[in-house]
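Observations on chain architecture
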Amino acid sequence: MDNELELARQKLGLVSLGESSTYRLYSKGLVSEEFIKDDTKLVGGSGLSLCDSNDNSKKLETNKALRNHRVLAAHPEATELAAIIQGMSWALKLGVKSIQFFCDDDSIILDYVTGKAAPPNESIVVAKLLKQVAPLQARFTSCQALPLRTDINSSLIKLARDAIASQTTWREGDNEYETCPACYAHVSPRHKLEVRSGCFHRICFTCIRDCVSSQLARGDTLLCPYPGCEKELVLEDCRGIVEDDALNLIIHRKKEKAIPVLDRVYCPKPCCNFLMSDRDLPLGFSIDPRQKSVARTCVECGLCFCKKCHVPWHYKKTCDEFKKSQSYLTSDAALFESLVKTEGWMKCPQCTTVVQKNGGCQRISCRHCNHKFCYACGAACTRKKMSCNCSPQD
């Protein structure tokens, strides 16, 4: 037995716990269409995890390439069976005697390997693989097939994707290259990002930056640039690749989406402008109990402010009194209000965000909260119709 195999046995606890202990085998097979140089090929890989009955104390992971990609791609059950066969062979090589292997709970594979169901006559590939599973099961002193109920698929998919990625690189001189599946450019593996939100697609840095820039401009959710992928990019994926300003905007938008529109409150201090939820916001200091409903304290900078007037707190004055005072009339808030009136802009009746119509009819939709209203008078639109008597034309 070579040193590498002996080290694997020690890590798994086969030496200390004994070969009679029961181990658990988790497997995942994947076949995907990959771009290699200027060609498209089907590439397969498996992710394998072997651990003791406690699942955590002793654990060993590996991945392997899957062959016959085109045949496996046509039969998803065959891909999973091929991964199970690789996992069983690996366990036997390590010297495991008693094993439990797991199949997806929503898959028919469990019925196949336990003999509760037989594959259709046309599934010749699946039938051939099942004939390989039975002899492997017989080589264990104890072998049990169970439904997979724990969520470990993500780590197994990562292992399988790594096995696929290892087959998509090529060398030109001293340099190693991979094809970016988003732009088809040939780039160094060091200049590709693995999206860690579940899909594990490998995208070049340039495509990640372009994707972030375009999706931020549209206000969309940041998605993996791989064609057809709907997995969301997370900050950890973008850090060190996109600019800090873009990251801060991502943080801000994710926080905004988590707070209902009517509960969003921003600190009026220009150098702060911190976003908070009014439900969790501490009340500000107010001598007049009637003013406590609008007095708030910024949890970031500590400024006491009026959430209605959006200015630092106006002590001993109501909101109406303050808006008539000289201090308000010369404030940035008053100057902005004057600009809104001068330009003929409207405030959304629901979230008070300033909106500007750039053409079309008077029915408008706020981009901030999606509230639909009449641009002329502010009346709400119901069932795609204006509820006021204003002319629908500009």
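The model shown is predicted, which means the values in this text are computed figures rather than measured ones. (Residues numbered from 1 in each chain as written. Predicted model: local features only at pLDDT ≥ 70, side-chain atom pairs only at ≥ 80, totals over all residues. Heavy atoms only, no water.)

To continue, consider the overall build of the protein chain. For the protein chain, the count of helices and strands is 13 helices and 21 strands. In terms of overall size, the protein chain is more extended than a compact globule, its C-alpha atoms giving a radius of gyration of 31 Å where 394 residues would be expected to give roughly 21 Å. Viewed in the frame of its principal axes, the protein chain has a C-alpha envelope of about 90 × 50 × 45 Å. Here the analysis covers contacts within the protein chain between residues at least 6 apart in sequence; of these, 51% occur between residues at least 24 apart. Looking at the protein chain as shown, the accessible area adds up to about 22,200 Å², and 48% of this sits on carbon and sulfur atoms. Between the averaged position of the 54 positive side-chain charges in the protein chain and that of its 46 negative side-chain charges there is a distance of 5 Å. (Helix = DSSP H or I, 4+ residues; strand = E, 2+ residues; numbered from the N terminus. Rg over C-alpha atoms; globule rule 2.2 N^0.38 Å. Contact = heavy atoms within 4.5 Å. Areas by Shrake-Rupley, 256 points an atom, 1.4 Å probe, with all protein chains shown as cover. Lys, Arg positive; Asp, Glu negative; His and termini not counted. Charge placed at Lys NZ, Arg CZ, Asp CG, Glu CD.)

For the rest of this paragraph, the subject is the nonpolar core. For soluble globular proteins, the rule of thumb is that nonpolar side chains tend to be buried together. One finds Leu50, Leu81, Met88, Phe101 and Val113 to be the most contacted residues of the largest nonpolar core, which totals 34 residues. Only helix H1 (3–12), strand E1 (22–36), strand E2 (39–52), strand E3 (59–66), helix H4 (76–94), strand E4 (98–104), helix H5 (109–113) and helix H6 (124–138) provide two or more residues apiece to this core. Residue contacts for leucine 81: discarding those within four places in its chain leaves Ile109, Val113, Val126, Leu129, Leu130 and Val133. Core analysis: the next-biggest nonpolar cluster, separate from the first, contains 24 residues, Cys180, Cys199, Val212 and Leu247 among them. (Core = buried A, V, L, I, M, F, W, Y, C linked by side-chain atoms within 4.5 Å. Buried < 20%, exposed > 50% of the residue type's maximum accessible area, 1.4 Å probe, protein only.)

Right, let's talk about the domain arrangement of the protein chain for a bit. Partitioning the protein chain into domains gives domain 1 (1–161), domain 2 (174–256), domain 3 (263–343) and domain 4 (345–393). With nine residues of domain 1 in contact, the opposing surface of domain 2 contributes ten residues. For the domain 1 face of the interface with domain 2, the top three residues by lost area are Phe35, Lys158 and Arg161, together amounting to 64%. Inspection of the region where domain 1 meets domain 2 yields one salt bridge. Salt-bridge contacts for lysine 158 lead to glutamate 194; the nearest nitrogen and oxygen are separated by 3.3 Å. For the interface between domain 1 and domain 2, the tally reads five residue pairs in polar contact (both at pLDDT 80 or more). Among the secondary structure elements, those contributing two or more residues to the side of domain 1 that touches domain 2 are E1 and helix H7 (153–165). A per-element tally of the side of domain 1 that touches domain 2 places H7 first, with four residues. (Domains from an automatic or database assignment. Buried area = accessible area lost by both parts, 1.4 Å probe. Salt bridge = Lys/Arg side-chain N within 4 Å of Asp/Glu carboxyl O. Polar contact = N/O pair within 3.5 Å; in protein donor to acceptor, adjacent residues only side chain to side chain.)

For the rest of this paragraph, the subject is the pairing of E4. Burial runs high along E4: six of the seven residues are buried. Bridge count for E1 against E4 is four bridges, and the pairing is parallel. Along E4, the bridge assignment pairs leucine 25 with phenylalanine 101. (Pairing = 2+ DSSP bridges.)

With that settled, consider the sheet that holds strand E15 (residues 311–312). Strand order in the open sheet formed by three strands is E13-E14-E15, with antiparallel pairing between adjacent strands. Each of the sheet's edge strands pairs with one partner strand only, and the pair in question is strand E13 (295–297) and E15. Bridge analysis of E13 against strand E14 (residues 304–306) gives three bridges, and the strand direction is antiparallel. Across the sheet, the residue bridging to arginine 296 is phenylalanine 305, located in E14.

This part is about the pairing of E2. Regular strands place side chains that alternate from one sheet face to the opposite one. Where burial is concerned, most of E2 is hidden: ten out of the 14 residues are buried. Here E1 runs beside E2; their pairing, made up of 14 bridges, is antiparallel. Pairing of valine 31 across the sheet is with glycine 44, part of E2. Between E1 and E2, which pair antiparallel and follow one another directly, the connecting turn spans two residues, one of which, lysine 37, has a positive phi of 55°.

As a further point, take the side chain of serine 277. With respect to the helices, strands and loops of the structure, serine 277 is situated in strand E12 (residues 275–277). Contacts of serine 277, omitting those with residues within four sequence positions, involve Ile259 and Asp263.

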